[in-house]
Amino acid sequence: MKTTKILSLIVLAAVVLAVLCGCSSPVDMTETEVIVKAEGKLTEGCETLEDYMAALQEAGKLSYVASDGMVTEINGKKADYAADKTSWMLYTDDEENSNSAWGTYEYDGKTLASASLGMGDLPLKEGAVYVWVIVKF
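Computed from a prediction, not measured in an experiment: that's the story for all the values here. (Residues numbered from 1 in each chain as written. Predicted model: local features only at pLDDT ≥ 70, side-chain atom pairs only at ≥ 80, totals over all residues. Heavy atoms only, no water.)

**A short note on the pairing of strand β9 (residues 129-136)**
1) Next: Counting buried residues in β9 gives 6 out of 8 residues, a clear majority hidden from the surface.
2) Next: Two elements, strand β2 (residues 33-37) and β9, share 5 bridges in a ladder whose sense is antiparallel. Among the inter-strand pairings, V36 is bridged to a residue of β9, identified as Y130.
3) Next: When strand β6 (residues 86-92) meets β9, the two strands line up antiparallel, connected through 7 bridges. Its bridge partner being in β9, T86 is matched across the sheet by K136. (Buried < 20%, exposed > 50% of the residue type's maximum accessible area, 1.4 Å probe, protein only. Helix = DSSP H or I, 4+ residues; strand = E, 2+ residues; numbered from the N terminus. Pairing = 2+ DSSP bridges.)

Spelled out as structure tokens, the structure:
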């Protein structure tokens, strides 16, 4: 009887974990990129990408540091142009507010273009994808 209860709890825990892991997150990070998807309740009231990034930070979905209008750190990954010639660059699938002449980035089978505005001026668009990539110059 005791073994049956333990097995039942293990199965229940596995089901709950599978359901929770299946939920998508508006933020995903690899070693060199941070993918931010404009979706869900956190987008409400956000006019710019900076508003959304602040909402994500407040909700504990990511952390970032900006200095002099430039993002210098995301989720603990620092970029320091002066020290090692690295910088966080922003690419998006928002064609109205990007410019492929300034650079492109391949993500999820799509070619994203460099954002034409900084995150403080870049209008947030529901469903858009914003990819922060740490690059070395």
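**Focus on the nonpolar core**
1) Next: Grouped together as the largest cluster of nonpolar side chains are 25 residues, with contacts concentrated most on V36, L49, Y52, M53, W88, Y130 and W132.
2) Next: For this core, the secondary structure elements donating two or more residues are β2, α2 (49-58), β4 (70-74), β6 and β9.
3) Next: For this core, the element with the highest residue contribution is α2, accounting for 5 residues.
4) Next: Setting aside residues no more than four positions away along its own chain, Y52 makes contact with P26, V36, K37, A38, E39, L42, T43, C46 and L124.
5) Next: Counting residues in hydrophobic clusters, the runner-up holds 7 residues, among them I35, V129, V131 and V133. (Core = buried A, V, L, I, M, F, W, Y, C linked by side-chain atoms within 4.5 Å. Contact = heavy atoms within 4.5 Å.)

**A closer look at the confidence of the model for the protein chain**
1) Next: Across the protein chain, the average pLDDT comes to 84, with 82% of residues at or above 70.
2) Next: Of all secondary-structure elements in the protein chain, the lowest mean pLDDT belongs to helix α1 (residues 2-22), at 39, while strand β8 (residues 110-115) reaches the highest, 97. (pLDDT = per-residue confidence, 0-100.)

**A word on the environment of L124**
1) Next: Tracing the backbone shows L124 in the loop between β8 and β9.
2) Next: In sequence terms L124 and L49 are 75 residues apart; their C-alpha atoms lie 5.0 Å from each other.
3) Next: Not counting residues up to four positions away in its chain, the partners in contact with L124 are A38, T43, C46, E47, T48, L49, Y52 and Y130.

**Here's the deal with the packing of aromatic side chains**
1) Next: One pass over the full model with this rule turns up 2 aromatic pairs.
2) Next: Geometrically, the ring pair formed by Y81 and F137 is edge-to-face, given 6.0 Å between the ring centres and 65 degrees between the ring planes. Of the two residues, Y81 is situated in helix α3 (residues 81-84) and F137 in the segment after β9; the sequence distance between them amounts to 56 residues.
3) Next: Ring geometry for Y91 versus Y105: centroids 5.6 Å apart, planes at 25 degrees, classification stacked. Placement of Y91 in strand β6 and of Y105 in strand β7 (residues 98-107) is noted, with a sequence separation of 14 residues between them. (Phe/Tyr/Trp six-rings, centres within 6.5 Å; stacked < 30°, edge-to-face > 60°.)

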